[in-house]
Amino acid sequence: MHNLSTTVIDAIQDKKGRRITEIDLSSIESAPASGFVICEGNSTSQVSAIADNIREEVYRQTGLKPYNYDGYRNSQWIVIDYGTLMVHVFLPDVREYYNIEDLWSDAGITNIPDLD
């Protein structure tokens, strides 16, 4: 079976999402999931397009549907919950404001290079 976070990262890159970060939370008991994937889009329409593509590609490749997702109303921060993996798609300034990477700085953090 295709790795879920790999599928998510490929779907983000398909829509030119940037600053992709993978956070391994599996060793942190209080974490809401065993992993996060965080990225950003330059506009609300790009944030929506990235989130849509993640949901479509994950379903197409793995058959998984998210347990929940939220944020489409203003598309500044969309979160998609796959249970073990939570995906956060941000506008850059909203990402800076919430700074999730710092909240989980004791976790394993991997920065995925931008494709261009």
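Analysis parameters
- Residues numbered from 1 in each chain as written.
- Predicted model: local features only at pLDDT ≥ 70, side-chain atom pairs only at ≥ 80, totals over all residues.
- Heavy atoms only, no water.
- Helix = DSSP H or I, 4+ residues; strand = E, 2+ residues; numbered from the N terminus.
- Rg over C-alpha atoms; globule rule 2.2 N^0.38 Å.
- Buried < 20%, exposed > 50% of the residue type's maximum accessible area, 1.4 Å probe, protein only.
- Contact = heavy atoms within 4.5 Å.
- Areas by Shrake-Rupley, 256 points an atom, 1.4 Å probe, with all protein chains shown as cover.
- Lys, Arg positive; Asp, Glu negative; His and termini not counted.
- Charge placed at Lys NZ, Arg CZ, Asp CG, Glu CD.
- Salt bridge = Lys/Arg side-chain N within 4 Å of Asp/Glu carboxyl O.
- Phe/Tyr/Trp six-rings, centres within 6.5 Å; stacked < 30°, edge-to-face > 60°.
- Lys NZ or Arg CZ within 6 Å of the ring centre and 35° of its normal.
- Pairing = 2+ DSSP bridges.
- Axes fitted to C-alpha atoms, helices over the stretch in contact; angles between N-to-C directions.

## Quick look at the overall build of the protein chain
- Broken down by element type, the protein chain carries four helices and six strands.
- Computed over C-alpha atoms, the radius of gyration of the protein chain comes to 13 Å, within 12% of the 13 Å expected from 2.2 N^0.38 for 116 residues, which places it in the range of a compact globule.
- A principal-axis box enclosing the C-alpha atoms of the protein chain has dimensions of 35 × 35 × 30 Å.
- Within the span of the protein chain, comprising 116 residues, buried residues form 46% of the whole.
- A fraction of 61% describes how many contacts in the protein chain between residues 6 or more apart in sequence connect residues 24 or more apart.
- As displayed, the protein chain has an accessible area near 6,500 Å², and 46% of this comes from carbon and sulfur atoms.
- Averaging the locations of the 9 positively and 18 negatively charged side chains of the protein chain gives two centres separated by 9 Å.

## Thoughts on the pattern of salt bridges
- Applying the stated criterion across every chain, the model contains seven salt bridges.
- Between Arg19 and Glu96 there is a salt bridge, with the nearest N and O atoms lying 3.0 Å from each other. Residue Arg19 is found in strand S1 (residues 18–24), and its partner Glu96 is found in helix H3 (residues 92–98); the two are separated by 77 residues along the sequence.
- Notably, a salt bridge pairs Glu101 with Arg95, separated by 2.5 Å at the nearest N-O pair. The residues Glu101 and Arg95 share a single accessibility class, namely buried.

## A few points about the packing of aromatic side chains
- All chains considered together, the criterion is met by five aromatic pairs.
- Where Trp77 meets Tyr98, the ring centres are 4.6 Å apart and the plane angle is 50°; that geometry is what we call tilted. Of this pair, Trp77 sits in strand S4 (residues 77–81) while Tyr98 sits in helix H3, placing them 21 residues apart in sequence.
- Here the aromatic cluster, defined as three or more aromatic residues joined through ring pairs, consists of Trp77, Phe90, Tyr97 and Tyr98.
- Against the face of Tyr69 rests Arg55, its NZ or CZ located 3.8 Å from the ring centre.

## Some words on unusual backbone geometry
- A positive phi is found at Arg19, a non-glycine position, where the angle reads about 50°.
- Backbone geometry places Ser75, a non-glycine residue, at a positive phi of 50°.
- Note on placement: Ser75 falls in the loop between strand S3 (68–70) and S4.
- Classification of Ser75 by relative accessible area gives buried; the value is 5%.

## Topic: the sheet that holds S4
- With respect to topology, six strands assemble into an open sheet ordered S3-S4-S5-S2-S1-S6, the strand pairing being mixed. Edge strands, defined here as strands with exactly one partner in the open sheet, are S3 and strand S6 (108–112). Neighbour-to-neighbour, the strand axes of this sheet turn through a mean angle of 15°, independent of strand direction.
- Examined bridge by bridge, S1 and strand S2 (residues 35–40) share five bridges and lie antiparallel to one another. Bridge pairing in S2 links Ile23 to Phe36.
- Along the sheet face, helix H2 (residues 44–62) touches S2, S3, S4 and strand S5 (85–90) and points at about 10° away from the line of S4.

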